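Survey of secondary and tertiary structure
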Amino acid sequence: MQVPKEDVRQDIMKATKEVFQKKGFLKTSMRDIASRSQVGLSNIYNYFKSKDDLFCQVVEPVTCSLDRMLHEHHGHRGHDIIEMKSDAYFRYAVDEYLQLLRTHRALLTLLFFRSEGSSLANFKDDFTRRSTALVKEYFNAMKEKHPEVEVDVSDFSIHLHSVWMFVLFEELIKQKVREKDLEKIVTEYMTIEVTGWRELMRI
């Protein structure tokens with residue numbers, strides 16, 4: 001009986017994730033993936049263009065989640081900046097980080113610590129550059145809407161906003177922080193983050 005193509009694709013993806021987790025992108029070969037998935041090497045290329053294509057598709061759920069977070073806060077779907085004053089916004093921000101970590105910890109590990117040699121090796125730097133540009137646009141739009149808000153924040157400080165987020169995620173993974181401690185740590189981090197922005201923008 002012929003196995004449905006989507007099932008074969010999912011088998012390849014599952015095996016690829018396992019091999020990348022163990023060996024990293026650089027040390028993984030397509031033959032490793034074929035062996036692990038029990039799918040012929042030539043057949044894998046019917047589903048994926050290259051090892052890099054495989055890696056990108058494996059981690060796509062987390063890269064898409066990070067991009068969605070960026071646009072929900074500062075893009076065309078961005079929250080009104082005045083909402084940052086509310087307890088509801090604070091809780092939303094904490095829950096958003098917790099959801100990302102609980103759902104995608106394994107993929108974050110691949111993206112941050114196993115991506116050397118792939119096209120996503122510089123994902124954090126690329127994301128930070130995009131984030132800085134988008135936040136600046138968002139601040140300018142909010143200044144027009146709320147002239148009383150102070151948005152004269154240096155590009156470097158905006159840049160650090162994303163850098164610190166990645167440092168938080170990386171350290172939570174590296175230090176193997178337990179689930180029972182996760183919410184407390186993320187809440188503490190977000191208290192520093194949100195309080196700082198409120199103070200800078202005088203809201």
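My aim in this report is to walk through the structure given alongside it, one point at a time. (Residues numbered from 1 in each chain as written. Predicted model: local features only at pLDDT ≥ 70, side-chain atom pairs only at ≥ 80, totals over all residues. Heavy atoms only, no water.)

Packing of helix α1 (residues 5–27) against helix α5 (residues 87–113) leaves a shortest axis separation of 10 Å and a crossing angle of 55 degrees. Classified by the angle their axes make, α1 and α5 are oblique. At the point where α1 passes α5, the crossing takes the left-handed sense. Residues Lys17, Phe20 and Gln21 of α1 lie in contact with α5, whose contacting residues are Ala106, Leu107 and Leu110. (Axes fitted to C-alpha atoms, helices over the stretch in contact; angles between N-to-C directions. Helix = DSSP H or I, 4+ residues; strand = E, 2+ residues; numbered from the N terminus. Parallel < 35°, antiparallel > 145°, perpendicular 65-115°, else oblique. Left-handed = near helix turned anticlockwise from the far one by under 90°. Contact = heavy atoms within 4.5 Å.)

Of note, the phi angle at glutamine 38 is positive, near 60 degrees, even though the residue is not glycine. Relative to the assigned elements, glutamine 38 resides in the loop between α2 (30–37) and α3 (41–44). A residue is classified by how much of its surface remains accessible, and glutamine 38, at 74% relative accessible area, is exposed. For lysine 176, which is not glycine, the phi torsion reads 50 degrees and is therefore positive. (Buried < 20%, exposed > 50% of the residue type's maximum accessible area, 1.4 Å probe, protein only.)

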